[in-house]
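Structure at a glance
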Protein chains: 2
Amino acid sequence: MQFTSEQRHDDGVLEREFTLGDIPGILWTPGSASAAAPATLILIGHPPLGLRRMYPRLAARARHYAARYGFAAATIELPGSGERPRWPEIEQARAGLREAMAAGGPVGGEIIDALVLPLVEKAVPEWQAALDACLALPEIGGPAGYEGGVISVGVRLAAVEPRIAAATLFAGSFVPESMVEEARRVAVPLLVLLQWDDEGNDRQASLNLFDALGSKEKTLHANMGGHTGVPQFELDAGARFFARHLKR
Amino acid sequence: MQFTSEQRHDDGVLEREFTLGDIPGILWTPGSASAAAPATLILIGHPPLGLRRMYPRLAARARHYAARYGFAAATIELPGSGERPRWPEIEQARAGLREAMAAGGPVGGEIIDALVLPLVEKAVPEWQAALDACLALPEIGGPAGYEGGVISVGVRLAAVEPRIAAATLFAGSFVPESMVEEARRVAVPLLVLLQWDDEGNDRQASLNLFDALGSKEKTLHANMGGHTGVPQFELDAGARFFARHLKR
């Protein structure tokens, strides 16, 4: 993990850009974080739209967590997104998705599989490597949480990575059938956020995935509005959820 | 409103039993409540099982609200429940429900209507009278919230009573079709609590009712477990919801 820039905000939060191999990322740590009092880490996931485009929303979440709740937060670029090398396989799958949606028909399972499964396969080990690197810093301590989309990445990570002790998953977009099966193996406490009128996601599919998740403690928060309309108060609900479960 | 007993708890909360005409009720006020600093009121609804039987759960909620959040809380006995006069019409409807459930068949709409509609008709004006009486006390100020079941009582009250400015509704049990229509007229902010594996309630019917509610700001919190298994942390979520919306 190589830090490439560093900025201390007025709220005491230290924001550092880094690279992990060829993967760009950003780490936010609260002013209070030190080797004597390491901060608990939240990994902040996001859709594959590129870190630059997602930055305002990610930074708002991360700094709220850091400044108000004393969490550290980190995010990395997804494979094939932003400034990372193009990934023809995924671009082809996205073209297939656009075609299917333009045709107005239902999006077939093979399109969803082609779009999501390679991303999960490649991204999850990268998030695990980011977790390794962050937890190696003296000012950060485990266990960690994962929050956000891509929900299939979150499900796989929660299922396979024992250092993820709780997760907040953003319901949607397209979830492969095999991920619904995989969801049954998740055991950590979960908070699932669902936008009731999400223009790009099928509500019933999201409810089915919530139902399939294996965790004994799972809570669904459904709010009105479209995909990007998650209310501000859910950020505080999420922070309290992590505070309850990420105790050393 | 005639107070019939009074008890000051260690946490400063004053608990008073009262009668309103022939309706028994309980009022909890925080130690901080005074004419100079009146407490905001939460009406605490409950299923028609009798106040005595419901007391431990109602008192726990009310005292948590009063001691931790400075709310006043009040509840009254439902018609035909507890020590109030028997109500043969409702008892007959309950017998019809028990028969239908014992037969393992679906519970017909006419049974649900007979069980719920007369209760709503009679109970809602009583809750409004309780609201009148509580708000007339110098140590209590408006606007007020309603929390709990019977969900049809909460829906009607939220639809018709302008002093109810926010409501937390417990999803379930049996909701008449006409109440689903009535739900579209509710406009105040809502928090709906749904127990995902509620043994006595149909999940899809609860989701349909949530969908029908007319409020622009409504949030569904679904948790695992049976009807009485609402997690303790939802009490705090509910208090924060009321604190956001019940401002003078």
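Everything numeric in this text was worked out from a predicted model, so none of it was measured.

Topic: the overall build of chain A
Secondary structure summary: chain A contains seven helices and nine strands in total. In summary, chain A has a C-alpha radius of gyration of 17 Å against a globular reference of 18 Å for 248 residues, a match within 12%. Reported as C-alpha extents along the three principal axes, the dimensions of chain A are approximately 55 × 40 × 30 Å. Counting the 248 residues in chain A, one finds 43% classified as buried. Expressed as a percentage of contacts within chain A between residues at least 6 apart in sequence, the contacts between residues at least 24 apart total 67%.

Here we look at the interface of chain A and chain B
Of the residues lining the interface, twelve residues belong to chain A; the matching set on chain B comes to twelve residues. With six residues, the top contributor of residues to the side of chain A that touches chain B is strand S9 (residues 218–223) of chain A. Considering only residue class, the side of chain A that touches chain B consists of five nonpolar, three polar and four charged. In this structure, S9 of chain A lies alongside strand S9 (residues 218–223) of chain B, joined through five bridges in antiparallel fashion. Within S9 of chain B, the residue paired with His221 of chain A across the bridge is His221 of chain B.

Structural notes on the packing of helix H3 (residues 109–135) of chain B against helix H4 (residues 151–160) of chain B
All names here are of chain B. Contact geometry of H3 with H4 gives a least axis separation of 9 Å together with a crossing angle of 50°. In terms of their interaxial angle, H3 and H4 are classed as oblique. Where H3 crosses over H4, the two elements pack in a sense that is right-handed. Of the residues in H4, those touching H3 at Val116, Leu119, Val120, Ala123, Val124 and Trp127 are Ser152, Val153, Arg156, Leu157 and Val160. Here the residues of the contact of H3 with H4 are counted per class, giving nine nonpolar, one polar and one charged.

Things to note about the relation of the copies chain A and chain B
Placing chain A over chain B gives an RMSD of 0.0 Å and needs a rotation angle of 180°, together with 0.0 Å of translation along the axis. Such a combination of rotation and displacement between the chain copies is what one expects of a two-fold axis. If distances are taken from each C-alpha of chain A to the rotation axis, the shortest is found for His221 of chain A, at 2.4 Å. Of the residues that chain A buries at the interface, 100% are likewise interface residues in chain B, meaning the two copies contact each other through the same surface.

Side note on the pairing of strand S6 (residues 140–148) of chain B
Looking along a regular strand, one sees the side chains alternate between the two faces of the sheet. All names here are of chain B. In the sheet, strand S4 (residues 39–44) pairs with S6 via five bridges, with the strands oriented parallel. Paired with Leu43 across the two strands is Tyr146, which belongs to S6. In this structure, S6 lies alongside strand S7 (residues 164–170), joined through five bridges in parallel fashion. Note on S7: the bridge partner recorded for Gly145 is Ala166. Since S6 and S7 lie parallel, the crossover through H4 that links them has a hand, and here it is right-handed.

Description of helix H6 (residues 203–212) of chain A
Every buried residue belonging to H6 of chain A is among Ser206, Leu207, Leu209 and Phe210 of chain A, and all of these are buried. Along the axis of H6 of chain A, the buried positions cluster into a sector of 160°, meaning they face one direction only.

Some remarks on helix H2 (residues 88–102) of chain A
Look at H2 of chain A: 21 Å from first C-alpha to last across 15 residues, which is about the 21 Å you get at 1.5 Å a residue. Positive backbone phi, at 75°, marks Gly104 of chain A, one or two positions downstream of H2 of chain A.

Some remarks on the nonpolar core
Among the nonpolar cores identified, the biggest contains 145 residues, and Ala72 of chain A together with Ala72 of chain B are the most heavily contacted of them. Per-element tally for this core: the top contributor is helix H3 (residues 109–135) of chain A, with eleven residues.

A closer look at the confidence of the model for chain A
Do not read the predicted coordinates in detail wherever pLDDT is low. Model confidence for chain A is summarised by a mean pLDDT of 95, while 100% of its residues fall at 70 or above. The ipTM for the predicted assembly is 0.86, set against a pTM of 0.91.

Examining the packing of H2 of chain A against H3 of chain A
Residues and elements named next belong to chain A. In the contact formed by H2 and H3, the axes pass within 9 Å of each other and the chain directions differ by 150°. As summarised for this structure, H2 and H3 are arranged roughly antiparallel, according to the angle between their axes. As H2 packs across H3, the resulting crossing turns out to be left-handed. The residues of H3 that touch H2, namely those facing Glu89, Ile90, Ala93, Arg94, Gly96, Leu97 and Ala100, are Ile111, Ala114, Leu115, Pro118 and Leu119. Of the residues contributing to the contact of H2 with H3, the split by class is nine nonpolar, one polar and two charged.

Analysis parameters
Per-chain numbering applies: the sequence of each chain, read as written, is numbered from 1 onward. All chains are assigned letters beginning with A, and all ligands numbers beginning with 1, in the order in which they are written. Since the coordinates come from a predicted model, pLDDT governs what is reported: local features require at least 70, and pairs of side-chain atoms require 80 or more to be given and counted, while whole-chain, interface and lining totals use all residues. A run of H or I in DSSP counts as a helix once it spans at least four residues, and a run of E counts as a strand once it spans at least two, with each numbered from the N terminus. For the radius of gyration, the atoms used are the C-alpha atoms, and the globule rule reads 2.2 Å times the number of residues raised to 0.38. To sort residues by exposure, count the other C-beta atoms lying within 10 Å of each residue's C-beta; 20 or more gives buried, 12 or fewer gives exposed, and values between give partly exposed, all with C-beta atoms placed from the backbone. We call two residues in contact when the distance between their C-beta atoms, placed using the backbone, is within 7 Å. Note on residue categories: nonpolar means Ala, Val, Leu, Ile, Met, Phe, Trp, Tyr, Cys or Pro, charged means Asp, Glu, Lys or Arg, and polar means any other residue, Gly included. Between any two strands, pairing holds if DSSP finds at least two bridges. Lines are fitted to the C-alpha atoms to define the axes, a helix being fitted only along its stretch in contact, and any angle between axes, read from their N-to-C directions, falls within 0 to 180 degrees. Orientation labels follow simple angle bins: below 35 degrees gives roughly parallel, above 145 gives roughly antiparallel, 65 to 115 gives roughly perpendicular, and whatever is left gives oblique. Should the near helix be turned counterclockwise from the far one by less than a right angle, the crossing is left-handed, whereas a clockwise turn marks it as right-handed. Least squares is the method used to superpose the copies, on C-alpha atoms of residues holding a pLDDT of at least 70 in both. The definition of a right-handed crossover adopted here requires that, viewed with the strands pointing away, the path from the first strand over the helix to the second runs clockwise. Starting at the helix axis, one direction is taken to each C-beta atom, and the arc is that of these directions. Given a helix with a known number of residues, its expected span is that number minus one, times 1.5 Å. Any nonpolar core is a set of buried residues, restricted to Ala, Val, Leu, Ile, Met, Phe, Trp, Tyr and Cys, that join up through C-beta atoms within 7 Å. One confidence number per residue, pLDDT, is output by the predictor and ranges from 0 to 100.

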